[in-house]
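Geometric and topological summary
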Amino acid sequence: MGSSCESNNNRLPVIEFQKNDLIPIGSHTWHQVKDQVHLALENYGCFEASFDAIPSELKSATLSGIEELFSLPLETKLKNTSKKPYHGYVGQYPMVPLYESMGFDDANILERVETIAHQFWPQGNPFFCKNIQSLSENLSELDKIIRRMVLESLGLSKYIDEHMESTNYLLRVMKYTAPQTNHSQLGLSAHTDKNIVTILCGNQVKGLEVETKDGEWIEVNPEPGHFVVMIGDSLVAWTNGRLHSPNHRVMMTGNDARYSAGLFSVPKAGYVIKAPEELVDEEHPLLFKPFDHVEFLKFYYTEAGQRAQYALKTYCGTDVV
């Protein structure tokens, strides 16, 4: 089978990634899907993806494990710590009381997942660890396909190896408590992601919304087995504004909790994000000064960063942004 791409005013584009049809790189189907990815990221900054390399059973089992994880006592969940901003446990915030999350750095590496999980289950939980690692590994494969397609579509194939090696993977698992009302309650405030690419999967409880370029908020309710792909500010800066990083939020209603997992490709500490010279010219002046992602995150979580309408512009924007 080939690929399809559909969209309307109330739904994100839907793109099929069928692994066998994308081989070899450069095949007719590869180019078809690449064009769809580029168009979706220009216009929406995100899309809904199907990826046949990930069994639906793996996604379901992982989400069940995430539900079990969040049922642990708070003092146990608080053991999930990190020196990096927003990489450990997040919760108990008065502004978003329904939200809590935890992070697994290098989640595509089983030993790293086991080390973190040992904080929660000293006796071990091999089933949970293997599911987290397997899902992360498969989603990282989709992430690499998408990023390769982005660079190819911009004529920047020579940077692919450097680009792939500049990141590692963070898996954040998230819970949004049911508000027990039919009136919409804020689950997570509107924001853009700060990383390179985010791939989200969740149970079938609604809540995720994305803001279009014309300011309209649309519900994102992917088909079972599908994923939501969106790009972050770091990739917008690296592509010198060629792509769009979408505002998104979570609005909760009803009696069912929302559980989800997001794989984030994150620039490594010390790696300087700088737009390639091929993307800077008279028609496209440099929009953002070179920056370190970790330092940008530190700024974002300051009072000034939280007040900023567009934190990346405030942090490192040039006069032309």
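Here the residue numbers are simple positions, counted from 1 along each chain's written sequence. Local features in a predicted model are, by the rule used here, given only for residues with pLDDT of at least 70; side-chain atom pairs are given and counted only at 80 or more, and totals for whole chains, interfaces and linings are based on all residues. The side-chain numbers reported here are obtained from all heavy atoms of the structure, hydrogens and water having been left aside.

1. Looking at the overall build of the protein
Within the protein, the secondary structure is distributed over 10 helices and 14 strands. Restricting the calculation to C-alpha atoms gives the radius of gyration, and the globule rule supplies 2.2 Å times the number of residues raised to the power 0.38. The C-alpha atoms of the protein give 19 Å as radius of gyration, which agrees with the globular expectation for 321 residues (20 Å, within 12%). The principal-axis extent of the C-alpha atoms belonging to the protein is close to 55 × 50 × 40 Å. Looking at the protein residue by residue over its 321 residues, the buried ones come to 55%. Put simply, DSSP H or I for four residues or longer makes a helix, DSSP E for two residues or longer makes a strand, and each gets a number counted from the N terminus. Burial classes follow relative accessibility: with a 1.4 Å probe on protein chains only, a residue under 20% of its type's maximum area counts as buried, one over 50% as exposed, and anything between as partly exposed.

2. Observations regarding the sheet that holds strand 9 (residues 217-219)
Paired through backbone hydrogen bonds, the strands of a sheet run either parallel or antiparallel to each other. Only strands that DSSP links by at least two bridges are regarded as paired with each other. Overall, antiparallel pairing links the 4 strands, which are arranged 6-11-8-9 in an open sheet. Every other strand in the sheet has two partners, leaving strand 6 (181-191) and strand 9 as the edge strands with one partner each. Between one strand and the next, the sheet's axes are offset by a mean angle of 30°, whatever the strand orientation. With 3 bridges joining them, strand 8 (residues 208-211) and strand 11 (residues 248-254) adopt antiparallel strand pairing. Within strand 11, the position partnered with valine 210 by the bridge is histidine 248. Note on definitions: angles span 0 to 180 degrees between N-to-C directions of axes, and those axes are lines fitted to C-alpha atoms, for helices only across the stretch in contact.

3. So, the nonpolar core
The definition of a nonpolar core used throughout is a set of buried Ala, Val, Leu, Ile, Met, Phe, Trp, Tyr and Cys residues joined through side-chain atoms within 4.5 Å. If you look at the biggest cluster of nonpolar residues, it comprises 73 residues, and the most contacted ones within it are Phe17, Val37, Phe47, Leu69, Phe104 and Val173. Considering each element in turn, this core owes the most residues, 11 residues, to helix 5 (residues 126-153). Pairs of residues are marked as contacts when any of their non-hydrogen atoms sit within 4.5 Å. With near-sequence residues (within four places) excluded, valine 37 lies in contact with Ile15, Phe17, Phe47, Ile146, Met149 and Val150. One finds Tyr176, Val205, Leu208 and Ile218 within the second-largest nonpolar core, a separate group that totals 20 residues.

4. Brief notes about the UniProt feature "domain: Fe2OG dioxygenase" (unreviewed entry) in the protein
Feature annotation in UniProt assigns "domain: Fe2OG dioxygenase" (unreviewed entry) to the following positions: residues 166-267. This span, residues 166-267, is 6% helix and 55% strand, and a straight line between its end C-alpha atoms measures 6 Å. UniProt positions are given in the numbering used here, feature names are shortened, and annotations may be inferred rather than shown by experiment.

5. Overview of the packing of aromatic side chains
Classification of ring pairs rests on two measures: the distance between centres of Phe, Tyr or Trp rings, Trp counted by its six-membered ring, which must be within 6.5 Å, and the angle between planes, read as stacked under 30 degrees, edge-to-face over 60 and tilted in between. The final tally for this structure, using the stated rule, is 15 aromatic pairs. Plain terms: the ring middles of tyrosine 86 and tyrosine 301 are 5.8 Å apart, the flat faces sit at 20° to each other, and that makes the pair stacked. A residue pair is termed long-range when its members are at least 10 positions apart, and tyrosine 86 in the loop between helix 3 (74-77) and strand 4 (99-105) and tyrosine 301 in the loop between helix 8 (293-300) and helix 9 (303-307) qualify at 215 residues. The partly exposed category is assigned to tyrosine 86, whose relative accessible area is 28%. Overall, the relative accessible area of 39% leaves tyrosine 301 in the partly exposed class. An aromatic cluster is present here, built from Phe104, Phe120, Trp121 and Phe128 joined pairwise through their rings.

6. Brief notes about helix 2 (residues 56-70)
Expected span of a helix, by definition, is 1.5 Å for each gap between consecutive residues, and there is one gap fewer than residues. Look at helix 2: 22 Å from first C-alpha to last across 15 residues, which is about the 21 Å you get at 1.5 Å a residue. If you check which residues of helix 2 are buried, you get Leu58, Lys59, Thr62, Leu63, Gly65, Ile66, Leu69 and Phe70. Summarising the axial view, the buried residues of helix 2 lie within an arc of 160°, below the 170-degree limit, and thus occupy one face. Directions drawn from the helix axis to the C-beta atoms are what define this arc.

7. Notes on the packing of helix 4 (residues 110-120) against helix 5
Closest axis-to-axis distance for the helix 4/helix 5 pair is 9 Å, and the angle between their directions is 135°. Between helix 4 and helix 5, the interaxial angle falls into the category oblique. When you trace helix 4 past helix 5, the crossing you get is right-handed. For the pair helix 4 and helix 5, the contacting residues are Leu110, Val113, Glu114 and Ala117 in the first and Phe128, Cys129, Lys130, Ile132 and Gln133 in the second. Note that Gly is not counted as nonpolar here; it falls among the polar residues with everything else outside the nonpolar set of Ala, Val, Leu, Ile, Met, Phe, Trp, Tyr, Cys and Pro and the charged set of Asp, Glu, Lys and Arg. A breakdown of the residues in the contact of helix 4 with helix 5 according to their chemical character gives 6 nonpolar, 1 polar and 2 charged. Roughly parallel means an angle under 35 degrees; roughly antiparallel, over 145; roughly perpendicular, 65 to 115; everything else is oblique. Each helix crossing is assigned a hand: it is left-handed if the near helix lies turned anticlockwise from the far helix by less than a right angle, otherwise right-handed if that turn is clockwise.

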